[in-house]
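One-letter residues, chain by chain:
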Amino acid sequence: MWKKSKVTDQTAAGQAVDDSEGVQPDDKGIKIKSKVPGVMITQFTEELPEGMTTPDFTRKPIALTIQEGKFGCFKAKVVGTPTPTVTWSRATGDLHFHPEMCLQKYDDVTGEHTIEFPKVSPEDADTYKCFATNEYGRAVCTVVLNVISVGFSKSKELQKQSGEDVTDLRKKLKKRNPDGTREQKPMEPEEKIWEILLSADKKDYERICAENGITDFRRMLKKLNEMKKEREEEIAEFVSHIGTLKPIEVTDKDCATIELEMDLKDPSSKVFLYKNGVMVPFTIEDSEEMKHSLKQVGKKFIFKIGKLSSEDAGLYSVDVGGVNVFSTEFKVPEVDFAVKIQEVTAEERGDALFQCVLTAPLNELKWLGKSAPLTNGEKFEITVSEDKLIHKLIVRDCMPLDAGIYAAVAGIKSCNAWLIVEDPGVHFHAGLSDCKAIVGEAAELECKVSNEDCEGIWYKDGDEIKSSEGITISKEGTFHRLKIHKVTEEFAGKYKFEADGRKTESLIIVEDPPRFSTEDLEAFKIPATVKKGQKATFKLPYVGREPIKIQWYLEGEELSEEANIKFDHSEGCTSLFLTKLQRKDSGEVKLKLKNEFGTIEAFTQLVVMDKPTPPMGPLEIVEASSSALEFKWRPPKDSGGCKIGNYILERNQVGRNTWKKLGPIGPEAKYRDTDVDHGRRYCYRIRVETEMGTSELMETEDIQAGTKAYPGPPSAPKVVSAFKNCINLSWSPPADTGGTNILGYKLEKRKKGSNLWGVVNTPDDMIKGKGVGVKDVVEGMEYEFRVAAINNSGAGEFSTPSEFVFARDPKKPPGKVIDFKVTDSTYTTLSLSWTKPKDIEGVEDEAKGYFVEIRPAENTEWDRCNANAITLTFYTVKGLKSMAMYWVRVIATNDGGQGEPQELDNYILAMPPPVRPRFTDAKMKSFMVVRAGNSARFNINFEASPWPEVIWLKDGVPVSKKVTISNSEGTSQLLIPSAERTDTGIYTIIVKNIVGQESFSTEIRVTDEPKPPGPVETDENVPGTVTVSWTASPDEKRDDRLHYMVTKRDSTKTAWHTIGDHIFNNRFTVCNIMPGREYQFRVYAKNDMGASKPSESQKWLIPVKKEKFTINMPETKACDLQCPPKFIVPLKMHTAPQGYECYMSCAIKGDPTPHVTWLRNSISLNTNTNYFISNTCGVCSLLILRVGPKDFGEYKVVAESALGRAECTTKLTVRE
């Protein structure tokens, strides 16, 4: 008896496997001997079908010993039916395929499977296995690779360097604050790359390295493996299991999500979200106010980023307890929808097409059907155009269930539209949905049909149901509803609605989770207040299906039965009894109920009252004067759960043994003691009194009454006015009065340039007010002043000095500024300049500064641009509205006040100086060729001021709605999403503003590869020549640039040679045809997109007549063959595009041979080297290699001999 071996999914060709893949070595199966020694074959089935075989090696790999840095290779050949899949593995570690490390290949010609090592390193030394597997068995053989190291140990040196690098990198990645958060700074580029690699799949390593310029792939893998091991150890401290990790994904609702599944060891562990290393705040549930949110469903964590924009791009990282568990990079391509998808109506069993056009190429879109991702398959066909701009989704064989909203997502942009599926009969627009109902509550089922006149029948578990007590069946338009007023267990089951042969089904699942009544819950929330040593009882009824798990918590810690904790769980009610309560037992009480249907929690507060703790210091002295002591303190840390009734104070005079009771002073934590002696020191004891008793005392430090405290400095004196014989000053009192009232002030003055301060008032003559007029001044001198406050302790510090002021009469305001003008302007700024006003003694004094003011044309009030006067005579006004109208003025000012404003003569527009529109591109295409079906895009750059109006025309009329025009500052783009031949034409852009306008035209030609010409015929009109003619290509009429090319092949050669190109008619004469040779001709149609398939002629042969050689000597007779020149084939009219070739030909006969002359506009061309003229056997031809405007005109061929003269003319028209 044999046992079938266990087989797992086969590994795809080129994928590395390890010993855990495929059939295990210890699995049982039928062992078969191979013809090749060292090969082990395992047969999976007892009998093989006819013609089927197990895999085997016809050539196994050979062991290899090679020097480090050389090229190494293992080769193997396998046989088997069906063809086996070949995979490789190594004994230690994973096998990583990378162009610089290891490559797996297969040669179709030789049938060899190879694994190559471009540059062997010591790390590659190992035992390798080669597996050949098909559905009937597996063959395996082993091979050893030995590597000889060269010089010093490169691997050890690299390992050492890698170790140092990893250590440094770990330090960078581990910089954390004490609370587990990262340092708030942007990530370094190296840190960002490693964090991406740590969370990436192996298949993405090569792409990430290529994008970031990492070339040492082997060293990267070694460093990454070390970092992964350490991260796994760190994560294990906080997370017991990590499941699904979904990279950032954009949905059709203008948001992106990051999803991961993890089992936290401590549910209270903090979860952080970072972007580029900087913490991102988020809410726990969706919120319109916050951009980022977190939703937790069981073990699943879903981060949501709303209102997406290009600024959301970056590296997002999720940390738990200070350890990074997942990172994902969000890239935002610069793309938008030029044409969005539209609503589609399809018949049932038909196909539906959604199509959109992008503004920039994108390899693929994300298509969603009813919020579910769609993939290419039999049901959905997803295609994209060659230029990556047009994306299509085809829904095959539409059914009513396919109806719904379909969306296309490109980067962070999305659009959606409805798919409506119709059929001739009644169908469901919306079917029934499964419903979860709670016992005792209402439940409703609803569906929508396509016809309001449709009637239907409801069924439950196959039995028809109708409206009855507890069930209401209703119909409202196309909606049919079944409502259960109060759900019980008997209502659970399968419900069906059937109408016109169609049906829809759903389930009602009755759930009975634990829950509380509103009245009981509100009563439970009322805090329980008890005294120390007493007991507390908490009771709450509930309903729900048993069994129900009941848990009580106090301050977040689950309670278990102890001497002072008891539970009572009766049917439908649970109680908690707490005895011998202490103050520390106060806190939040939580009840948690859980059954198979859900969990519910209830919260309340427990307050245990006790005596308060003592008041807290430090003491804050408000006043310590000779007449009173006033001080404050802090309330007790714990008031014992009671309101403070009074503070009880006692006082002791330092040096005495007695304490004086000052009595209860009320609940305010401050006291003013006026019964003090100057210079004495006092100490106080303070207690707290509540309804639970009196606290322990707090004793203060000694406080001295009447210590000398000088006042602080007043504010700097301010000059109110100045005259030649008096200067008036004012100031503000000091903030610090020294604890006593201010008695007066002391004032001093100092001349400019002097170091000595002079007293203004004597100590006996204090200044009582907060200002004074100083009359002891000398006219024309400049002074500064300072002031000090005086209290009971004496004079305090002097203030900072005032500004210098002259003792002279007030100055006159200045006059108007001169030469006020605008020097430059933009859309947001305005540059001004002026000359200072004239100084007229006694009338207008010198200006010391200037104010600039502006007024929008629609306002009546002036706005000042600079808060402080400027001394320069130029200024730039910023923050203007583009193209807005402003009035501007400048006001000069000095110590005497402000002068009259000087306005500009006219208003100013916020815009740069006028510039006539002009195009700035160095080279602009005047001709474009586009393949039909592709998009046509034309960009043009320009400059103009003010902003111009941009108009696009096609053949002189505005472009159609199909064409998308995108204008931005200095550029305009024309986009034809899916070009057709009818879009061919001259497109003109007109850019105009108030200064002028400029235009540019380009020809856009939409075409496709031409169809081949019709049948090809050959004819011999002149001996030695063949005239090839053909039927025109079907595209000739709609493509005026279409022309033909003729190739030739004769029996002596195998290759085809071009004998004529740029032919615009349907005939071509071939010269130099040799008798006895077989000729064949091909004709191609050509246009701007390329050449068509050829049309071939029949083989052409001029036979050689061989006759018996005889000599007859007839009588000689005079034979006259002479004739005047005559045209056998005349010239034809020609129209050639500029830049192309033009070929003219005609046939002439005459004896003697006439002399041929070519003329253009009566001027001989025979000696003009720009024209190629030939005369072969009477066929005269003229070739113009590159047609230009100068070649336009009348062409004439003149044939002359002694017997006469013949002429033939034609015209050449040159087309641009």
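Residues numbered from 1 in each chain as written. Predicted model: local features only at pLDDT ≥ 70, side-chain atom pairs only at ≥ 80, totals over all residues. Heavy atoms only, no water.

Engineer: What exactly am I supposed to notice about the overall build of the protein chain here?
Structural biologist: Secondary structure summary: the protein chain contains five helices and 97 strands in total. The C-alpha radius of gyration of the protein chain comes to 50 Å, more than 25% above the 33 Å expected for a compact globule of 1216 residues. Considering only C-alpha atoms, the protein chain reaches an extent of 180 × 120 × 90 Å along its principal axes. For the protein chain, the proportion of its 1216 residues judged to be buried stands at 41%. Of the roughly 67,800 Å² of accessible surface on the protein chain, 49% is carried by carbon and sulfur atoms. (Helix = DSSP H or I, 4+ residues; strand = E, 2+ residues; numbered from the N terminus. Rg over C-alpha atoms; globule rule 2.2 N^0.38 Å. Buried < 20%, exposed > 50% of the residue type's maximum accessible area, 1.4 Å probe, protein only. Areas by Shrake-Rupley, 256 points an atom, 1.4 Å probe, with all protein chains shown as cover.)

Engineer: I keep staring at the side chain of T690 and nothing clicks. Help me out?
Structural biologist: Tracing the sequence through the fold places T690 in strand β50 (residues 681-690). Every residue in contact with T690, bar those within four places of it in the chain, is listed here: P612, S639, C642, K643, I644 and G645. (Contact = heavy atoms within 4.5 Å.)

Engineer: Would you mind going over the pairing of strand β49 (residues 670-673) with me for this structure?
Structural biologist: Regular strands place their side chains on alternate faces of the sheet. The alternating pattern of β49 places Y671 and D673 on a buried face and K670 and R672 on a face that is not buried. In the sheet, strand β46 (residues 629-634) pairs with β49 via four bridges, with the strands oriented antiparallel. The partner of L629 across the bridge, within β49, is D673. (Pairing = 2+ DSSP bridges.)

Engineer: Explanation requested: the packing of helix α2 (residues 189-199) against helix α4 (residues 217-236) in the structure shown.
Structural biologist: Relative orientation and spacing of two packed helices are given, respectively, by the angle between their axes and the distance between those axes. It is at 10 Å that the axes of α2 and α4 come closest, and there the two elements cross at 70°. Classified by the angle their axes make, α2 and α4 are roughly perpendicular. Here W194, E195, L197, L198 and S199 of α2 come into contact with α4, specifically with M220, K223, L224, M227, K228 and R231. When grouped by side-chain class, the residues that make up the contact of α2 with α4 number six nonpolar, one polar and four charged. (Axes fitted to C-alpha atoms, helices over the stretch in contact; angles between N-to-C directions. Parallel < 35°, antiparallel > 145°, perpendicular 65-115°, else oblique. Nonpolar A, V, L, I, M, F, W, Y, C, P; charged D, E, K, R; others polar.)

Engineer: Any chance you could explain a nonpolar patch on the surface here in plain terms?
Structural biologist: A cluster of nonpolar side chains, namely M883, M885, Y907 and L909, defines an oily patch on the protein surface of about 320 Å² accessible area. If you trace the backbone, M885 turns up in strand β67 (residues 885-894). With a relative accessible area of 32%, M885 lands in the partly exposed category. (Patch = residues over 30% accessible without salt bridge, like charges linked within 9 Å, V, L, I, M, F, W, Y side chains within 5 Å. Salt bridge = Lys/Arg side-chain N within 4 Å of Asp/Glu carboxyl O.)

Engineer: Would you mind showing me how to read the environment of L975 here?
Structural biologist: Relative to the helices and strands, L975 is located in strand β77 (residues 971-976). L975 sits in the buried class, given a relative accessible area of 2%. Sequence-wise, L975 and S754 are 221 residues apart; in three dimensions their C-alpha atoms are separated by 80 Å. Every residue in contact with L975, bar those within four places of it in the chain, is listed here: A338, L358, L389, S935, A936, R937, K962, V963 and T964.

Engineer: What should I look at first to understand the sheet that holds strand β92 (residues 1155-1160) in this one?
Structural biologist: Across a sheet, paired strands are connected by hydrogen bonds in the backbone, their directions being either parallel or antiparallel. The sheet built from five strands is open, its strands ordered β90-β97-β96-β92-β93 with mixed pairing. Lying at the two open borders of the sheet, with one neighbouring strand each, are β90 (1134-1137) and β93 (1163-1164). As judged from the six bridges shared by β92 and strand β96 (residues 1193-1201), these two strands associate in the antiparallel manner. In the sheet register, R1160 faces β96, and the bridge partner there is Y1195.

Engineer: Would you explain the sheet that holds strand β79 (residues 997-1007) in this entry?
Structural biologist: Spatial ordering of the open sheet is given by β72-β79-β78-β74-β75, a layout of five strands whose pairing is mixed. Whereas interior strands pair on both sides, the edge strands pair on one side only; in this sheet they are β72 (927-931) and β75 (957-958). In this sheet, strand β78 (residues 985-992) lies alongside strand β74 (residues 949-954) in antiparallel orientation, the contact comprising six bridges. From the neighbouring strand, V950 faces β78, where its bridge partner is V991.

Engineer: What exactly am I supposed to notice about the pairing of strand β24 (residues 380-384) here?
Structural biologist: With five bridges joining them, β24 and strand β25 (residues 390-395) adopt antiparallel strand pairing. If you follow V384 over to β25, its bridge partner there is H391. In sequence, β24 turns back onto β25 through a hairpin of five residues, with K388 there showing a positive phi of about 65°.

Engineer: Where do I start with α2 in this structure?
Structural biologist: Each α-helix turn comprises 3.6 residues. Residues three or four places apart therefore point the same way. Counting buried positions along α2 gives eight out of 11 residues, so the element sits mostly inside the fold. Buried within α2 we find E191, I193, W194, E195, I196, L197, L198 and S199.

Engineer: How do you make sense of the pattern of salt bridges when you look at a structure like this?
Structural biologist: For side chains of opposite charge, pairing can occur when their charged atoms come near one another. Per the stated rule, a full pass over the model turns up 50 salt bridges. The salt bridge involving R545 is made with E489; its shortest N-O contact spans 2.2 Å. Pair noted here: R545 is in the loop between β38 (536-541) and β39 (549-554) and E489 is in the loop between β34 (479-484) and β35 (493-499), with a separation of 56 residues, a long-range link. Residue E489 is classed as partly exposed on the basis of its relative accessible area, which comes to 40%. K1086 is paired through a salt bridge with D1061; the nearest N and O atoms lie 3.2 Å apart. Of this pair, K1086 sits in strand β85 (residues 1078-1087) while D1061 sits in strand β83 (residues 1057-1063), and the two are 25 residues apart along the sequence. On the basis of relative accessible area, K1086 is assigned to the buried category, the value being 19%. D1061 gets classed as partly exposed once you look at its relative accessible area, which sits at 23%. Taken together, the shared-partner salt bridges connect E1003, R1005, D1039, R1041 and D1088 into one network.

Engineer: Would you explain the nonpolar core in this entry?
Structural biologist: Nonpolar side chains tend toward joint burial in soluble globular proteins. Counting residues in each nonpolar core, the largest one holds 40 residues, and the members touching the most others are F57, F74, F117, L197, Y205 and M220. When residues of this core are traced back to their parent elements, those giving at least two are β5 (72-79), β6 (85-90), β8 (113-117), β9 (126-134), β10 (137-148), α2, α3 (205-211) and α4. Among residues more than four places away in sequence, those in contact with F57 are V36, V39, A76, K77, V78, C130, A132, A139, V140 and C141. Grouped together as the second largest cluster of nonpolar side chains are 29 residues, I258, L308, A407 and V409 included. (Core = buried A, V, L, I, M, F, W, Y, C linked by side-chain atoms within 4.5 Å.)

Engineer: Whenever I open this one, the layout of surface pockets confuses me. Can you help?
Structural biologist: To find leftover empty space, one rolls a probe the size of a water molecule over the atoms. Estimated volume of the largest pocket: approximately 1,700 Å³. Every residue lining the largest pocket is counted, 45 residues in all, and those nearest its centre are D204, R207, P247, I248 and T328. Those elements that place two or more of their residues in the lining of the largest pocket are α2, α3, α4, β11 (239-250), β18 (323-330), β22 (366-369), β24 and β26 (404-410). At seven residues, the largest contribution of residues to the lining of the largest pocket is made by β11. Within the residue set of the lining of the second largest pocket, elements represented by two or more residues are α1 (154-173) and α4. Here the lining of the second largest pocket takes nine residues from α4, the largest share from any one element. Grouping the constituent residues of the lining of the second largest pocket by class yields eight nonpolar, five polar and 11 charged. (1 Å grid on protein atoms, 1.4 Å probe; cavity = no way out; pocket = protein on both sides within 12 Å on 5 of 7 lines; lining within 4 Å. Points joined across faces, edges and corners; volume = space filled by probe spheres on them.)

Engineer: How should unusual backbone geometry be read in this particular structure?
Structural biologist: Leaving glycine aside, a negative phi is the common case for residues, and trans is the common case for peptide bonds. Here the bond from T81 into P82 is cis, since omega is -5°, no more than 30 degrees from zero. Within the fold, P82 resides in the loop between β5 and β6. Between D1151 and P1152 the backbone carries a cis peptide bond, its omega angle lying at 5°. Its identity is not glycine, yet D500 carries a phi of approximately 55°, on the positive side. If you trace the backbone, D500 turns up in the loop between β35 and β36 (502-511). The exposed category is assigned to D500, whose relative accessible area is 56%. The backbone of S1162 sits at a positive phi, close to 70°, despite the residue not being glycine.

Engineer: Sorry if this is basic, but what is going on with the confidence of the model for the protein chain here?
Structural biologist: Predicted coordinates in regions of low pLDDT should not be interpreted in detail. Predicted confidence across the protein chain gives a mean pLDDT of 85, with 93% of residues reaching 70 or more. Here residues 1-27 is modelled with pLDDT under 50, and outside its nearest four sequence neighbours on either side it reaches 55 contacts, counting other chains as well. Between residues 151-174, whose pLDDT stays under 50, and residues either more than four places distant or in other chains, the model counts 25 contacts. (pLDDT = per-residue confidence, 0-100.)

Engineer: So what exactly am I meant to see when it comes to the environment of K331 here?
Structural biologist: Among the structural elements, K331 can be located in the loop between β18 and β19 (337-339). Along the sequence, K331 and A313 sit 18 residues apart, while their C-alpha atoms lie 5.3 Å from each other. With residues near it in sequence (within four places) discarded, K331 still touches R207 and E211.

Engineer: Got a minute to help me understand the environment of K718 in this structure?
Structural biologist: On the secondary structure map, K718 appears in strand β54 (residues 718-722). Classification of K718 as exposed rests on a relative accessible area of 59%. For the pair K718 and T1002, spaced 284 residues apart in the sequence, the C-alpha separation amounts to 74 Å. Those residues in contact with K718 that sit more than four places away from it in its chain are N728, L729 and S730.

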